[in-house]
Amino acid sequence: MASAEPGSGEAAEAAEAEYEVMPWDRTEQSQRLAVDELISSEASYVHNLQLCVCDIRAHLRDKQLPGLDLEGLFSNTDDILHVSRRFLKGLEATAGQGQEQLLCISTLFQEFKEEMETVYKIYCASYDHALQLVESYRRDPRLQEEILATLNATVPHTGASDLSFFLVMPVQRVTKYPLLLGKILENTPSSASAHSALQAAARAMAQVNANINEHKRRREVATKYNKAEQLTLRDRLARLNAHSIAKKTTRFSRLLMHETGIVAKTEDKEYDDLEEKFQCVASSVATLKENVASYLGHLEVFLLPAPHRRELQMEQGPAQQHRRLSELLHSTVFPEFKQRVDRLVWQPLCSLSDTLEGPQQLVKKRLDKLLDYEKIQERKSEVGSVSYDEEAAMNTYLAINDLLVAELPQFNQVAVQLLGQILRSFSALQLDLATQVLHHAEKELEQLPHGHMPLPSFWKVVEDSLQQSGAQLRAFCQAFETVTPSPGTQPLTPAEERKVLSLVSKHGPDKLYQVTSNISGSRDLDLTLLRGQIVALLQSADTRGNTSRWLVDAGGPRGFVPAAKLRPYSPAQVQQPVLQLLGLDGGTEGRRHSCAAPEAPRPQVATFTPTFQVVAGFSFAARSPQELSLQAGQPVQLLEPHDKKGSTEWSLVEVNGQRGYVPSSYLVTVPVQEPAGWSLPV
């Protein structure tokens, strides 16, 4: 009996020890299973990613299917695969480290959390767009058939029915990391050395998921507001309603209070600095785009006339060598330069300008939401609470502001780099052009008599040639002015005369100016005038004090014109010929027949009449005895500005003693400059 008691006691102690050890074994076993699940599921995940990238995407790319957006479907899957491979390698390396394995796993998550957040942010933000593409491909039988054929050929063992089976894997994996760490943590005693490290790793991965969700929400807000809509006036009016009008009125009143200092504006120094730099970049891109467009336009105009074809026909000598050089530059060098400028400068500049539109819209929308935010904040401080819609409006402003503050620095940096690269490309192209022109010119210069002349002697030859040519040109101009007869003068039509007399009566003769060449208005408030028109000066500067743009009265419309295209005009006192007085006031029958007896002359009237001449602007061939043939540029005498029925489409004119009707649109009134110091007496 005594011998049996010790035996029974030992059995009881063994059973009690076994009872105490078993829970620890189960916990350790569950922990080991959780770790194995982490590593094995990561290996399976990486394998599926490799199938997605290396097999499925590659197979679809080889097919080159039109309408299939592989970039939108797979996004940055390559980056995720690269990070996941390295992460898996680190996990597998912890397998033989015994008790230190949990610490190594925790450290590994801490090391990879930033890289994981970066790559998964991009993928999750574009995941909805990828699903929309998949849905659109389902509605296209041709594309859906090709996608299914690819899946059956590359991954038949998966039984996948469409691409969404693989596209969802990265989204599921990043959200599963906190759960796997939590499962390991549950089976790790709090007294274990790795417990706190596992807790920190679990919190870190939970924060990564929170940051990814917040980034996705911000991107959705940005996508909603950064689209530049091209709305017509009718569309804008259709969007107006009582709510939108009240909201815009509230924003406008708030903005006025900011500008007048009634209400303090919310200050955000960090954002203000970023926006200032962004606006500077946007302004620089717009200015450069305008200048490059003008440059390309001028280059196009230069290439059209082919100046070498207008040279004198000389078979030898310097002129022929210059012609050969011009032909070479015009047909080869300059067209090639234009193509390179278009490809390396203009197209990248347009792409950069288009990229700026989204952030510009977001910056404008932030200001609107800021005004709403301030108004709601005031109401919240007064009432103590806000409605659900107002809370959503405040969150929208905060999301837009946080997104801009987070992404504008990188955007500004990339935009400045692209702009600098475009400018460097443009400079390099200009340098290449100069090098090519000099290279071709040197070949021709070597054949000229002065090709090997010392530089001082060469410049002396150039100076003497210019002086000689200038003297010849001045002598030609003097001879031309001497032998050229003064053209006959034409009085103004009644309408033109009334217009000029009105300008004289309003502003005085000393304010009259004549347009020296055609003016085409290119800006707001600019006038479009023809050469020879008379205007009155109102102000010798524009609203900004620019003295190169004058404000003038054109006898009705008023606007700005270049000062360089105006010259003072002094109306001469002339006596209107008897024939014109008859043409203006006499009977129609007396004007239409040259054989009719002239009426008695009327009293002479002194008027201020500018000197004009009517000429044929185009050649005209008479088709009936009542019509008169004209040659372009031929001076004519205007007898009547209408036909017998009063229609102004035809005018009665006299040329070289012959009279007849010509189309009024073929006649042009041009000014004639009188010789200095000469005028008819009154």
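Thresholds, definitions, all that
Residues numbered from 1 in each chain as written. Predicted model: local features only at pLDDT ≥ 70, side-chain atom pairs only at ≥ 80, totals over all residues. Heavy atoms only, no water. Helix = DSSP H or I, 4+ residues; strand = E, 2+ residues; numbered from the N terminus. Buried < 20%, exposed > 50% of the residue type's maximum accessible area, 1.4 Å probe, protein only. Areas by Shrake-Rupley, 256 points an atom, 1.4 Å probe, with all protein chains shown as cover. 1 Å grid on protein atoms, 1.4 Å probe; cavity = no way out; pocket = protein on both sides within 12 Å on 5 of 7 lines; lining within 4 Å. Points joined across faces, edges and corners; volume = space filled by probe spheres on them. Nonpolar A, V, L, I, M, F, W, Y, C, P; charged D, E, K, R; others polar. Domains from an automatic or database assignment. Expected span 1.5 Å × (residues − 1). pLDDT = per-residue confidence, 0-100. Contact = heavy atoms within 4.5 Å. Salt bridge = Lys/Arg side-chain N within 4 Å of Asp/Glu carboxyl O. Disulfide = S-S within 2.5 Å. Arc of directions from axis to C-beta. Pairing = 2+ DSSP bridges. Axes fitted to C-alpha atoms, helices over the stretch in contact; angles between N-to-C directions. Phe/Tyr/Trp six-rings, centres within 6.5 Å; stacked < 30°, edge-to-face > 60°. Lys NZ or Arg CZ within 6 Å of the ring centre and 35° of its normal. Core = buried A, V, L, I, M, F, W, Y, C linked by side-chain atoms within 4.5 Å. Polar contact = N/O pair within 3.5 Å; in protein donor to acceptor, adjacent residues only side chain to side chain.

In the nomenclature of an unreviewed UniProt entry, the chain corresponds to Rho guanine nucleotide exchange factor 37 from the organism Lonchura striata.

S.K.: Would you mind showing me how to read the overall build of the chain here?
M.R.: Helices and strands together make up the secondary structure of the chain, namely 17 helices and twelve strands. Classification of the 682 residues of the chain by burial places 35% in the buried group. Of the accessible surface of the chain, which amounts to about 41200 Å², a share of 55% is contributed by carbon and sulfur atoms.

S.K.: I keep staring at the layout of surface pockets and nothing clicks. Help me out?
M.R.: Regions of empty space are outlined by a rolling probe, equal in size to a water molecule, passed over the atoms. A volume near 640 Å³ is recorded for the second largest pocket. Lining of the second largest pocket is provided by 25 residues; of these, Arg-219, Leu-403, Glu-407, Gln-410 and Phe-411 occupy positions nearest its centre. Sorting the residues of the lining of the second largest pocket by element identifies helix H4 (101-138), helix H8 (195-225), helix H12 (318-383) and helix H13 (388-445) as the ones contributing at least two each. Its residues assigned to classes, the lining of the second largest pocket shows 14 nonpolar, six polar and five charged. Both domain 1 (23-226) and domain 2 (241-307 + 318-447) contribute no fewer than three residues apiece to the lining of the second largest pocket.

S.K.: How should I be thinking about helix H11 (residues 269-303) in this particular structure?
M.R.: Given 3.6 residues per helical turn, the α-helix brings residues three or four places apart onto the same face. Helix length check: H11, at 35 residues, gives a terminal C-alpha distance of 51 Å against a target of 51 Å (1.5 Å per residue), a fit within 8%. Those residues of H11 that fall on the buried side of the exposure criterion are Tyr-271, Leu-274, Phe-278, Val-281, Ala-282, Val-285, Leu-288, Val-292, Leu-296, Leu-299 and Leu-303.

S.K.: Hey, could you run me through the confidence of the model for the chain in this one?
M.R.: Atom-level detail of predicted coordinates should not be read off regions where pLDDT is low. Across the chain, the average pLDDT comes to 79, with 80% of residues at or above 70. Mean pLDDT across the secondary structure elements of the chain bottoms out at helix H16 (residues 578-585), with 36, and peaks at helix H3 (residues 77-93), with 92. Every residue in residues 485-490 is under pLDDT 50, and counting partners more than four places away or in other chains gives twelve contacts. Contacts from residues 573-609, a stretch scored under 50 in pLDDT, to residues over four places away or in other chains number 53 contacts.

S.K.: Is there a simple way to think about the pattern of salt bridges in this case?
M.R.: Here the idea is simple: oppositely charged side chains can pair when their charged atoms come close. Following the criterion strictly, the structure yields 21 salt bridges and no others. Linking Glu-42 and Arg-173 is a salt bridge whose minimum nitrogen-to-oxygen distance equals 2.7 Å. Of the two residues, Glu-42 sits in helix H1 (residues 4-63) while Arg-173 sits in helix H7 (residues 169-186), which places them 131 residues apart along the sequence. The exposure class assigned to Glu-42 is buried, which follows from its relative accessible area of 0%. What you see here is one network of salt bridges that share partners, running through Glu-135, Arg-138, Arg-139 and Asp-162.

S.K.: Teacher, can you tell me more about the state of the cysteines here?
M.R.: The bond known as a disulfide is covalent and runs between the sulfur atoms of two cysteines. Taken as a whole and assessed by the stated rule, the structure comprises zero disulfides. Free of any disulfide, Cys-54 has its nearest cysteine sulfur in Cys-52, 9.4 Å distant.

S.K.: Would you explain helix H5 (residues 141-154) in this entry?
M.R.: The first and last C-alpha atoms of H5 sit 20 Å apart over 14 residues, in line with the 20 Å expected at 1.5 Å per residue. Taken residue by residue, H5 has Leu-143, Gln-144, Ile-147, Thr-150, Leu-151 and Thr-154 as its buried positions. Along the axis of H5, the buried positions cluster into a sector of 125°, meaning they face one direction only. Of the exposed residues in H5, the ones pointing more than 90 degrees away from its buried face are Pro-141, Glu-145, Asn-152 and Ala-153.

S.K.: It is not clear to me how the sheet that holds strand E3 (residues 549-553) should be interpreted in this structure. Could you clarify?
M.R.: Strand pairs in the sheet, formed through backbone hydrogen bonds, run parallel or antiparallel to each other. The antiparallel open sheet is built from five strands, whose spatial order is E4-E3-E2-E1-E5. For this open sheet the edge positions go to strand E4 (558-562) and strand E5 (566-568), each flanked by a neighbour on one side alone. Averaged over all adjacent pairs, the angle separating strand axes in this sheet is 50°, with direction ignored. Two strands pair when backbone bridges link them, and strand E1 (residues 512-515) and strand E2 (residues 534-539) are joined in this way by three bridges, in the antiparallel orientation. Looking at the pairing, Leu-512 lines up with Ala-536 of E2.

S.K.: Would you mind going over empty space enclosed by the protein with me for this structure?
M.R.: Within the structure shown, the criterion is met by two cavities of 30 Å³ or more. Its volume calculated, the largest cavity comes out at about 50 Å³. Lining the largest cavity, in full, are Val-333, Glu-336, Phe-337, Arg-340, Leu-429, Asp-432, Leu-433 and Gln-436. When residues of the lining of the largest cavity are traced back to their parent elements, those giving at least two are H12 and H13. Grouping the amino acids of the lining of the largest cavity by side-chain chemistry returns four nonpolar, one polar and three charged. Quantified by volume, the second largest cavity comes out at close to 30 Å³. As for the second largest cavity, its lining consists of Val-134, Tyr-137, Gln-144, Ile-147, Asp-162 and Leu-163. Elements that contribute at least two residues to the lining of the second largest cavity include exactly H4 and H5. By residue class, the composition of the lining of the second largest cavity is four nonpolar, one polar and one charged.

S.K.: Where do I start with the sheet that holds strand E9 (residues 637-640) in this structure?
M.R.: In spatial order, the strands read E9-E10-E11; together these three strands make up an open sheet with antiparallel pairing. Two strands bound the open sheet, and with one partner strand each, they are E9 and strand E11 (658-663). Averaged over all neighbouring strand pairs, the angle between strand axes comes to 40°, with direction disregarded. Bridge count between strand E10 (residues 650-655) and E11: six bridges; the pairing is antiparallel. By the bridge assignment for E11, Leu-652 is matched with Tyr-661.

S.K.: Help me out: how do you make sense of unusual backbone geometry in this one?
M.R.: Glycine aside, residues mostly have negative phi angles, and peptide bonds mostly take the trans form. With a phi close to 45°, Ser-75 is a non-glycine residue in the positive phi region. Considering the arrangement of structural elements, one finds Ser-75 in the loop between helix H2 (70-74) and H3.

S.K.: Where do I start with the packing of aromatic side chains in this structure?
M.R.: The description of an aromatic ring pair uses the distance of the two centres, along with the angle that the planes make with each other. In the structure shown here, the tally under the stated rule is 15 aromatic pairs. Centre to centre, the rings of Phe-87 and Phe-112 are 5.4 Å apart; their planes meet at 70°, and the pair counts as edge-to-face. Placement of the pair is Phe-87 in helix H3 and Phe-112 in helix H4, with a sequence separation of 25 residues. When its relative accessible area of 0% is taken as the criterion, Phe-87 is described as buried. Where Phe-620 meets Trp-650, the ring centres are 6.2 Å apart and the plane angle is 70°; that geometry is what we call edge-to-face. Placement of the pair is Phe-620 in the loop between strand E8 (612-616) and E9 and Trp-650 in strand E10, with a sequence separation of 30 residues. Linked through ring pairs, Phe-87, Phe-109, Phe-112 and Tyr-177 together constitute an aromatic cluster. Directly above the aromatic system of Tyr-271 lies the positively charged group of Arg-366, at a separation of 3.6 Å from the ring centroid.

S.K.: Just checking my understanding: could you explain the nonpolar core for this structure?
M.R.: Nonpolar side chains tend toward joint burial in soluble globular proteins. Counting residues in each nonpolar core, the largest one holds 60 residues, and the members touching the most others are Leu-60, Leu-68, Leu-73, Phe-109, Tyr-120, Leu-163 and Leu-167. Within the residue set of this core, elements represented by two or more residues are H1, H2, H3, H4, H5, helix H6 (164-167), H7 and H8. When residues in this core are grouped by element, the largest group, 15 residues, is from H4. Formed by 38 residues, the second largest nonpolar core is a distinct cluster that contains Val-221, Leu-296, Leu-408 and Ala-441.

S.K.: Before we go on, may I ask you to explain the environment of Glu-135 in this structure?
M.R.: Relative to the helices and strands, Glu-135 resides in helix H4. Residues Glu-135 and Ser-164, spaced 29 residues apart in sequence, show a C-alpha to C-alpha distance of 9.3 Å. Of note is the side chain of Glu-135, whose polar atom sits 3.0 Å from the side chain of Arg-138.

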